[in-house]
Amino acid sequence: MVTYRSYSAHGQNKPDHELNHTERLVPHVHVDIQTTGSIGGHTATDDKAVDTQGPQTEMKTKRPFDWTGSWGWEIGSAMLSVVGLVLLVAFLVKINATPYANWQYTASPNTIVSVITTITKAALLVSVSACLSQLKWNLFRDSTSLYNLQAIDQASRGPWGSLEVLLRGLCGSRMGSLTYVGAFLTVLALAVDPFAQQILTFPSRTVPALNATALIQSAHQYYSLEGQEYSDIFQGLAPSLLISIMSGLSQTNSPLEPQCDSSSCKFSEFVTFGLCSECEDVTAETHQICHAYEDSMVWRPEHISFKEIPVNCSYQSPNNFSFDIGLLDVLALQHLNGVVTLDVNSWTSQPRHNEPVFDIQSPLVSFITTNYSTLINYTLSNVTAFPPKPSVTECAIYYCERKYAASTYLSSNQSSRSVHVVDTQQLIPRDTLDENSHYLFTDSIHFGPPKGSETLSKNSSYSIDHHTFTGFRDTMGDLFNSSLHDISVGLGSSGFNMATILRTGNLGQLLDSMTTSVTDTLRASPHGNKIHGQAYRVEMFVDVRWPWIILPAIVTLGSIALLLGTVMASKQQNAVLWKSTVLPLLSSHLNTTPEHEIASLCSVDEVQRVSKNIRAIMIHGEGPLTFTET
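Residues numbered from 1 in each chain as written. Predicted model: local features only at pLDDT ≥ 70, side-chain atom pairs only at ≥ 80, totals over all residues. Heavy atoms only, no water.

Undergrad: Help me out: how do you make sense of the overall build of the chain in this one?
TA: Of regular secondary structure, the chain possesses 16 helices and 27 strands. For the chain, buried positions account for 41% of its 630 residues. Once local pairs closer than 6 in sequence are excluded, the contacts in the chain between residues at least 24 apart make up 74%. In the structure as shown, the chain presents an accessible area of about 33500 Å², 55% of it carried by carbon and sulfur atoms. (Helix = DSSP H or I, 4+ residues; strand = E, 2+ residues; numbered from the N terminus. Buried < 20%, exposed > 50% of the residue type's maximum accessible area, 1.4 Å probe, protein only. Contact = heavy atoms within 4.5 Å. Areas by Shrake-Rupley, 256 points an atom, 1.4 Å probe, with all protein chains shown as cover.)

This is the structure in C-alpha cells:
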C-alpha cells in the first residue's frame, strides 16, 4: 500500500496529476515518499523522488527483522518471569528452617509465595500466548488445515483451546512441535498455583527452652527424723514411707514426676538408692513329704476306711524355707458314695530376716507364700497317694541401687511421666549390726555392694538412719506374716492381713510396685539430689519442600525456550510478526473451490466443519494477504 500526502484539486499542478496517474497504473508498489513544504505545493525533493521511481520500476525491499521492537514485550515478560522465579527461590532459601514466630509481617509466607508465583505465571503466559499467536501465522507457510488457524488462536487464549490443540495432535494433526509445546505449557500452568501452595509446610519441632526448669530427683541418703518431732514416728516408719508401702501394694501409687515447667524435658540416665524385689515360683523344686495321722480318732466312723490318707505334709523349698500343712486343718471334708473330697482353700506367707535367698546376700526381708486352692478326691484305690503340692513362691525385698534409663518427660503424655529401671545392684549394710549394741535413732547405716561387685554409680556412698532401717525390717516382717483359710474352718489371720491383696494379685508385680513407690519417697526427701536435664518447648518452623518448586521452574524455563524457538523460526521464515492481531484478516482473501465456499455459511458449526476439510497456504506478497486452498 502506498502512502501519500493528499492535496486539494485547485492546488494540484501537472506533476501532481502525473503522480496520480502513476499510482493508478502500479497499484501494488510500496514506495516511501518523503514530503516537505506547505500544503499548497511541494519541493524539488518530492519531484526527484517521483521521477526516479517510474511506473516500470518495481520496488522490492526486504523487511528487517526487529529483535528489540517486535519481541520487546515478550522478552520483557520472559525476563520478569525469570526474576520472579529467582525471587521465589531466594525467598524460600531465606525463610527455610526458620521459626515461624520470627515472621513479623501481616501477610503469611504462603501469601508471599502465592503473589510471586502469580506474577511469574502471568508474565510467562504473555510470551507463551504471543508465541502461539505467531506460530499460527508461521504454520501457513506450508499447506495445512485451515481450521488450525482457529485452533491455535484459541490455544493462545487459554487452556481449553490448548487442550484441543493437544488432542488434535494426538489424532494426527500436524501443527508443529513448537505449537504443541506452547499448548502444553498453557495447560501445565494451571497446576502452578496448587504446586506453589505445597511448597511451604509448618511442622512443629522441639527446641531448647531457655530459663526453664528441668530437674529429676535421686537419693543417696535418707533421714526420717528430718524436720519432725521424735515422738511423731517413734512407734514405726515415717508416715510417708508407710503410705508409700501401702499404696504400692495396692497399686494406687503415682510415679514421682520430674520438675519440668516446659512442654518436654530430657534427662540422662541416673542411679538412686532404693528398694528392689525378686520373686520366683519354686513349686517344682519344693520337696514334699506327707504321712497319715497316727491317731485314727481324728476320723469319724464313716471316714475310718480313709484313715491312711497322707493329709499331714511337710515341705522344704530350694532356699531352705520349711513349712507344714495339715490338710485336716485347712479343708472341708465331704464323703459321698465311697469318695472322700478334700476341699482345700488357704494362703499363707511366712517371713524371715538376714538369710540369703537367690543370690541376695542380705535381704531386708524374704518370705515364702503357699497358695492352696484345689479339690482332692480320694477313693479306696488311691488312699495312700500324696496330695498335689500347693503353689509355692519365694520372694525377697532388699536394698539396692536402681539405674534409670534416659527419658523424655512430656507434660501432655501421662505414660511418659515415669522413668524405667534398666539395671539394679544389691546393697548390703556395711555397719556391724549387733542386737546387744545400743544405737541412736539418728545413727546412720551405710550400704555398699557385695564383695567382688561394683556400684552402678560413681558416688557409692549410701546411707539411711537407724530408725528407718529397723522400721523397714519390722514393718515388712509384719506385712508378710499373713494367712487366709477357708472361713468354715474358723481360722483367722495375723499381722496386717495383707493376704487378700497379696493372694489375688500378681505377687511379683505387687512387690515391684511397692519397691518403686518406696524408692520414689526416698528420692523425694529433702536430702535427695537434683539432677539437671534439658528443657524443650514446641515451636513451629517454616519448612520448604523443594520438589514442589520443580513444576513452576519447568514452566518458566519452558516458556523461555518456546520464545527462543519461536523467534528463531520466525527469523528463518522471514515472517511478519502479526502475533495476536486480527487486522490482517480484515483485508485477506480466501480462495477455495466452489464446494468449500464458506463465505455464505451462517452456522459456526458448519464453518468449522468445512474449514477442517480445507488445506490452505498463506501467500503474502506485494498484494493483500491470501489463503489459497491447495
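Undergrad: When you look at the side chain of Asp 465 in this model, what are you seeing that I'm missing?
TA: Assignment of secondary structure puts Asp 465 in strand β21 (residues 462–465). Here His 467 takes part through its backbone nitrogen, which lies 3.3 Å from a polar atom of the side chain of Asp 465. A polar atom in the side chain of Asp 465 sits 2.8 Å from the side chain of Thr 468. (Polar contact = N/O pair within 3.5 Å; in protein donor to acceptor, adjacent residues only side chain to side chain.)

Undergrad: Sorry, what's going on with the pairing of strand β26 (residues 615–619) here?
TA: Looking along a regular strand, one sees side chains alternate from face to face of the sheet. Side chains Ala 616 and Met 618 project from β26 onto a buried face, and the interleaved Arg 615, Ile 617 and Ile 619 project onto a face without burial. As judged from the two bridges shared by strand β2 (residues 144–145) and β26, these two strands associate in the antiparallel manner. Paired with Thr 144 across the bridge in β26 is Ala 616. One ladder, built from four bridges, connects β26 with strand β27 (residues 626–629); its direction is antiparallel. In the sheet register, Met 618 faces β27, and the bridge partner there is Phe 627. With antiparallel pairing between neighbouring strands as the criterion, β26 and β27 make up a hairpin whose turn holds six residues. (Pairing = 2+ DSSP bridges.)

Undergrad: What should I look at first to understand the nonpolar core in this one?
TA: Looking at soluble globular proteins, one finds that nonpolar side chains tend to be buried together. Grouped together as the largest cluster of nonpolar side chains are 36 residues, with contacts concentrated most on Ile 245, Ile 397, Tyr 399, Phe 447, Phe 472, Met 476 and Phe 480. If one sorts the elements of this core by residue count, helix α13 (residues 507–523) sits on top with six residues. With residues near it in sequence (within four places) discarded, Ile 245 still touches Leu 237, Phe 472, Thr 475, Met 476, Leu 479, Met 514 and Val 518. (Core = buried A, V, L, I, M, F, W, Y, C linked by side-chain atoms within 4.5 Å.)

Undergrad: I tried to follow the packing of aromatic side chains on my own but got confused; where do I start?
TA: Remark: the centre distance and the inter-plane angle together describe each pair of aromatic rings, the angle taken between the planes. For the structure on display, the rule yields 16 aromatic pairs. Taking the centre distance of 5.0 Å and the plane angle of 20 degrees together, the rings of Phe 270 and Tyr 404 count as stacked. Of this pair, Phe 270 sits in strand β9 (residues 270–281) while Tyr 404 sits in strand β16 (residues 391–404); the two residues are 134 residues apart in sequence, bridging distant segments of the chain. Taken as a pair, Phe 270 and Tyr 404 share a single burial class, namely buried. Summarising the aromatic geometry, the rings of Tyr 399 and Phe 447 are spaced 4.6 Å apart at their centres and angled 40 degrees between planes, so their arrangement reads as tilted. You can see Tyr 399 sitting in strand β16 and its partner Phe 447 sitting in strand β20 (residues 444–448), a full 48 residues away along the chain. Residue Phe 447 is classed as buried on the basis of its relative accessible area of 3%. One aromatic cluster in this structure is built from Phe 273, Tyr 399, Phe 447, Tyr 462, Phe 469 and Phe 472. Just above the ring of Tyr 536 sits the side chain of Lys 266; from NZ or CZ to the centre is 5.3 Å. The positively charged end of Arg 352 is found above the aromatic ring belonging to Phe 321, 3.6 Å away from the centroid. (Phe/Tyr/Trp six-rings, centres within 6.5 Å; stacked < 30°, edge-to-face > 60°. Lys NZ or Arg CZ within 6 Å of the ring centre and 35° of its normal.)

Undergrad: Please clarify how the sheet that holds strand β11 (residues 312–316) should be interpreted in this entry.
TA: The pairing of strands in a sheet happens through backbone hydrogen bonds and is either parallel or antiparallel. Taken together, the three strands give an open sheet; going across it, the order is β10-β11-β12, and neighbouring strands pair in antiparallel fashion. The two strands at the open ends of the sheet, each matched to only one other strand, are β10 (287–291) and β12 (322–326). Mean inter-strand twist for the sheet, computed between neighbouring axes without regard to direction, equals 20 degrees. Relative to β11, β10 runs antiparallel, the two being bridged by five bridges. Bridge assignment links Gln 288 to a residue of β11, and that residue is Tyr 315. (Axes fitted to C-alpha atoms, helices over the stretch in contact; angles between N-to-C directions.)

Undergrad: Which parts of the structure should I look at to understand the state of the cysteines?
TA: Think of a disulfide as a covalent bridge from one cysteine sulfur atom to another cysteine sulfur atom. All chains considered together, the criterion is met by four disulfides. The disulfide partner of Cys 260 is Cys 265, and the S-S distance across this bridge is 2.0 Å. Taking the sign of the torsion about the S-S bond as the criterion, the disulfide between Cys 260 and Cys 265, at about 85 degrees, is right-handed. Overall, Cys 260 belongs to the buried group, its relative accessible area being 18%. Here Cys 276 is linked by a disulfide to Cys 400, with a sulfur-sulfur distance of 1.9 Å. (Disulfide = S-S within 2.5 Å.)

Undergrad: Which parts of the structure should I look at to understand the packing of helix α4 (residues 109–139) against helix α5 (residues 147–155)?
TA: Two quantities define a packed helix pair, namely the angle between the helix axes and the distance between the axes. Two elements in contact, α4 and α5, have axes separated by 8 Å at closest approach and are oriented at 165 degrees. Relative to α5, the element α4 is oriented roughly antiparallel. Remark: the crossing between α4 and α5 carries right-handed chirality. Mapping the contact onto sequence places Leu 132, Lys 136 and Leu 139 in α4 and Asn 148, Leu 149, Ile 152, Asp 153 and Ala 155 in α5. Looking at the contact of α4 with α5 residue by residue, the class counts come to five nonpolar, one polar and two charged. (Parallel < 35°, antiparallel > 145°, perpendicular 65-115°, else oblique. Left-handed = near helix turned anticlockwise from the far one by under 90°. Nonpolar A, V, L, I, M, F, W, Y, C, P; charged D, E, K, R; others polar.)

Undergrad: Explain the sheet that holds strand β19 (residues 428–429) to me, please; I cannot follow it from the model alone.
TA: Ordered in space as β6-β21-β20-β19, the four strands form an open sheet in which the pairing is mixed. Edge strands, defined here as strands with exactly one partner in the open sheet, are β6 (221–222) and β19. Direction of pairing for β19 relative to β20: antiparallel, over a ladder of two bridges. Bridge pairing in β20 links Ile 428 to Gly 448.

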